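# Understanding the architecture of this molecule
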Amino acid sequence: MKLSCPEQMLADYTPTDRLRIIRGAGFDGVDCRHTSLEDAAFLAALSESGLPLASVYSQVRNPSLLDAAAQDRAGAVDEIVGRARAAAHGADNLILVPV
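Here the residue numbering is sequential within each chain, running from 1 through the sequence in written order. Restriction of local features to residues with pLDDT of at least 70 applies here, the model being predicted, together with a cutoff of 80 or more for giving and counting side-chain atom pairs; totals for whole chains, interfaces and linings are based on all residues. Each side-chain value is worked out from all heavy atoms of the structure, with water and hydrogens disregarded.

Another point: the pattern of salt bridges. By definition here, a salt bridge exists when the distance from a side-chain nitrogen of Lys or Arg to a carboxyl oxygen of Asp or Glu is within 4 Å. Summed over all chains, the structure comprises four salt bridges. The salt bridge involving Arg18 is made with Glu7; its shortest N-O contact spans 2.6 Å. Of this pair, Arg18 sits in helix H1 (residues 15–24) while Glu7 is found in the loop between strand S1 (4–6) and H1, placing the two residues 11 residues apart along the sequence. Only protein chains enter the accessibility calculation, which uses a 1.4 Å probe; a residue whose area is less than 20% of its type maximum is buried, one above 50% is exposed, and one in between is partly exposed. What makes Glu7 buried here is its relative accessible area of 0%. Through salt bridges with shared partners, one network takes in Glu7, Arg18 and Arg33. By the criteria applied, helices consist of DSSP H or I runs no shorter than four residues and strands consist of E runs no shorter than two, each listed in order from the N terminus.

This part takes up the side chain of Ser64. Residue placement: Ser64 occurs in the loop between strand S3 (53–59) and helix H3 (70–86). With relative accessibility at 7%, the residue Ser64 sits in the buried group. Think of a polar contact as two N or O atoms within 3.5 Å of one another; within protein, one of them needs to be a possible hydrogen donor and the other a possible acceptor, and neighboring residues in sequence only count if both atoms come from side chains. A polar contact of 3.0 Å, which involves the side chain of Ser64, links it to the backbone nitrogen of Leu66.

So, on to the pairing of strand S4 (residues 93–97). Strand pairing is assigned whenever DSSP identifies at least 2 bridges connecting the two strands. Here S3 pairs with S4 via five bridges, running parallel. In the strand pairing of S4, Tyr57 is matched with Ile95. Viewed with both strands pointing away, a crossover whose connecting path from the first strand over the helix to the second turns clockwise is right-handed. Assessed by its sense of winding, the connection that carries the chain from S3 through H3 to S4 is right-handed.

Written as structure tokens, this is what we have:
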């Protein structure tokens, strides 16, 4: 079994320090918010850390898949597709709360 740590648990630290702490604690990988993967500094720190990207996680609340209007639900699908593209940074998993 491999264990990964959500990087948001260390939000008060710089990206480099977050990943250093995660590696030092013995985790096998890191779980990242999709927004972290839009940050060039975070991506550089992730590359330098050598930690694998285990999961990308996110929520899609507005628009929601439960919205009454088809156009809003379609917007939620577009958001979900965007999160899946973020996972293309090499993540093994996409954890998505769609509401």
